[in-house]
Amino acid sequence: PIVRRVVDWDDYVGRFQAVQDVTVTPRVSGTITQVLFRDGQDVTNDQPIFIVDPRPFRAVYLQAQANLAKARAAQANAAIQAADAAKLIKANALSREVYESRVAASQSAIADTEAAKAAVESARLDLEFTTVRAPVAGRISQRQVSIGDVVVANTTQLTRIVTLDPIWFAFEGAESFYLKYVRQDEIGQRRSSRYAANPVEIQLADETGYPHRGHMAFVDNAIDVHSGTIKAYAVLANPDKFLTPGMFGRARLLGSGAYEAMLIPDEAIVTDQTRRL
């Protein structure tokens, strides 16, 4: 036997998950006229991926601009009349009722102009939304609609995008492990993963070592009463995008602080049906 300073590692199984998993829906209703991506490719943030027929929205936008020009002209005319009324009332050449009416008309014209401006902005946004863009950078799934399909705003599912770098490794731990970690944190032996980025090492189904390294990023706030486990996940860098959401893995999490232990060779351990000696 030899004495060494060691730490324990606890084993878990889990799967990789995307940090962001986004279902893409259109912001406006209309007919799909273009599909601008290849199924399964990587896309960048704000990259155009679908085009909804913009012609009806362009017409509405032009109409709103015309209404704004009309409102501005009416506002200018009302302002001139209000200014003339102010001069006339000072000379006692105009009744107070007519003066107040022209001032109110001028204020109403200002409000109409502001409403027209809002209508122009709304129409501009709808026209802009006819180009459906990727909300995040990641890997896009297959299209759910084709050219010529009519889509409904905020309802029709167009496709799905998942982010790959970084990526989560999600798993569940038994209540006994959770209690152990809490006790260790109380005595200062090992910080809880709720507060500290404890290291995690992961191996895939075809690997023997633990080459993928990350750290803890989340521990849930309650234990599942049905399974007696608590959810958690680690975060890993994935620059080559090799790790894929849904992929199975085995993880080992730092399970203790450093302590001195006596080590013996594996050959010295004899195993029978119930115990190891």
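None of these values were measured; they are calculated from a predicted model. (Residues numbered from 1 in each chain as written. Predicted model: local features only at pLDDT ≥ 70, side-chain atom pairs only at ≥ 80, totals over all residues. Heavy atoms only, no water.)

Visitor: Just to check I follow, could you spell out the packing of aromatic side chains for this structure?
Guide: Within a pair of aromatic rings, the relevant descriptors are the distance that separates the centres and the angle that separates the planes. Throughout the structure, instances matching the rule amount to eight aromatic pairs. Judged by centre distance (4.8 Å) and plane angle (40 degrees), the ring pair of Y12 and F171 falls under tilted. Here Y12, found in strand 2 (residues 9-18), pairs with F171, found in strand 11 (residues 167-174); they are 159 residues apart in sequence, far enough to count as distant. Like Y12, the residue F171 is buried in the burial classification. Judged by relative accessible area, which is 7%, F171 ranks as buried. Through pairs of rings, three or more aromatic residues link up here, namely Y12, F16, F169, F171, F177 and Y181. One residue, R27, lies across the ring of F129, its end atom 4.1 Å from the ring centre. Above the plane of the ring of Y210 lies R252, whose end atom (NZ or CZ) is 4.4 Å from the centre. (Phe/Tyr/Trp six-rings, centres within 6.5 Å; stacked < 30°, edge-to-face > 60°. Helix = DSSP H or I, 4+ residues; strand = E, 2+ residues; numbered from the N terminus. Buried < 20%, exposed > 50% of the residue type's maximum accessible area, 1.4 Å probe, protein only. Lys NZ or Arg CZ within 6 Å of the ring centre and 35° of its normal.)

Visitor: I tried to follow the environment of Q189 on my own but got confused; where do I start?
Guide: In this structure, Q189 sits in the loop between helix 3 (175-186) and strand 12 (199-204). Residue Q189 is classed as partly exposed on the basis of its relative accessible area of 40%. Once the C-alpha coordinates of Q189 and Q41 are considered, the two residues, 148 residues apart in sequence, prove to be 46 Å apart.

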